[in-house]
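Summary of structural features
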Amino acid sequence: MLLFNWICIVLLMIPLIMSVLYVWAQLNRDMIVSFWFGTRFKACYLPWVILGFNYIIGGSVINELIGNLVGHLYFFLMFKYPMDLGGRNFLSTPQFLYRWLPNRRGGVSGFGVPPASMRRAAEDQQGGGRHNWGQGFRLGDQ
């Protein structure tokens, strides 16, 4: 997605952010989001609310509009056209990106906890998994 957006936008930061926001908003259409001063509405309207807000405060809306249009183009080509309309899938992730950045989840067993295979090996080495640390000394005793 970012590669597609980069090609379409050619390194403009605000349109890139707006296009990613547009795709997120379309994938999470029914989620309720908050804007300034607690204004709440559905996520699908967020890119357009930001565009309108920027227009009200006197900024240029061209960057936001370009980002929304590129985000809409990506969302249509990636999700709407192939899935809803039964068309051909024009966009797919290149295989070299899967080699550089594997598409897998998991592999993390928790903070400070070794994977199960490593835990079994450590318990076997220590004979029951417990260590006799000794009696120790209390502070102040001589």
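Everything that follows concerns the structure shown earlier in this document.
Rules used throughout
Residues numbered from 1 in each chain as written. Predicted model: local features only at pLDDT ≥ 70, side-chain atom pairs only at ≥ 80, totals over all residues. Heavy atoms only, no water. Helix = DSSP H or I, 4+ residues; strand = E, 2+ residues; numbered from the N terminus. Bend = angle between axes of the 7 residues up to and from the residue. Buried < 20%, exposed > 50% of the residue type's maximum accessible area, 1.4 Å probe, protein only. Salt bridge = Lys/Arg side-chain N within 4 Å of Asp/Glu carboxyl O. Patch = residues over 30% accessible without salt bridge, like charges linked within 9 Å, V, L, I, M, F, W, Y side chains within 5 Å. Areas by Shrake-Rupley, 256 points an atom, 1.4 Å probe, with all protein chains shown as cover. Contact = heavy atoms within 4.5 Å.

Details of unusual backbone geometry
Backbone geometry at phenylalanine 37 places phi at a positive 55 degrees, although glycine is not the residue there. Topologically, phenylalanine 37 is positioned in the loop between β1 (32–34) and β2 (40–42).

Considering helix α4 (residues 62–84)
Helix geometry: α4 is bent most strongly at phenylalanine 76, by close to 45 degrees. All of the buried residues along α4 are Glu64, Gly67, Asn68, Val70, Gly71, Tyr74, Phe75, Leu77 and Pro82. Within two residues after α4, glycine 86 carries a phi angle of roughly 70 degrees, on the positive side.

Regarding the pattern of salt bridges
Enumeration according to the criterion identifies 1 salt bridge in this entry. Between aspartate 30 and lysine 42 there is a salt bridge, and its shortest N-O distance comes to 3.7 Å. Linking aspartate 30 in the loop between α2 (13–27) and β1 with lysine 42 in strand β2, this pair joins segments that are 12 residues apart in sequence. Look at aspartate 30 and you get exposed, because its relative accessible area is 61%.

Structural notes on the environment of proline 15
With respect to the helices and strands, the residue proline 15 is situated in helix α2. Linking proline 15 and asparagine 68, residues 53 residues apart in sequence, is a C-alpha distance of 7.4 Å.

Focus: a nonpolar patch on the surface
A cluster of nonpolar residues, Met13, Ile14 and Ile17, forms a patch on the protein surface that exposes about 300 Å² of accessible area. One can find methionine 13 in helix α2. The exposure class assigned to methionine 13 is exposed, which follows from its relative accessible area of 54%.

A word on the side chain of asparagine 68
Within the secondary structure, asparagine 68 is located in helix α4. In this structure asparagine 68 comes out as buried when scored by relative accessible area, which is 1%. Not counting residues within four places of it along the chain, the set of residues in contact with asparagine 68 comprises Met18, Tyr22, Pro47, Trp48 and Leu51.

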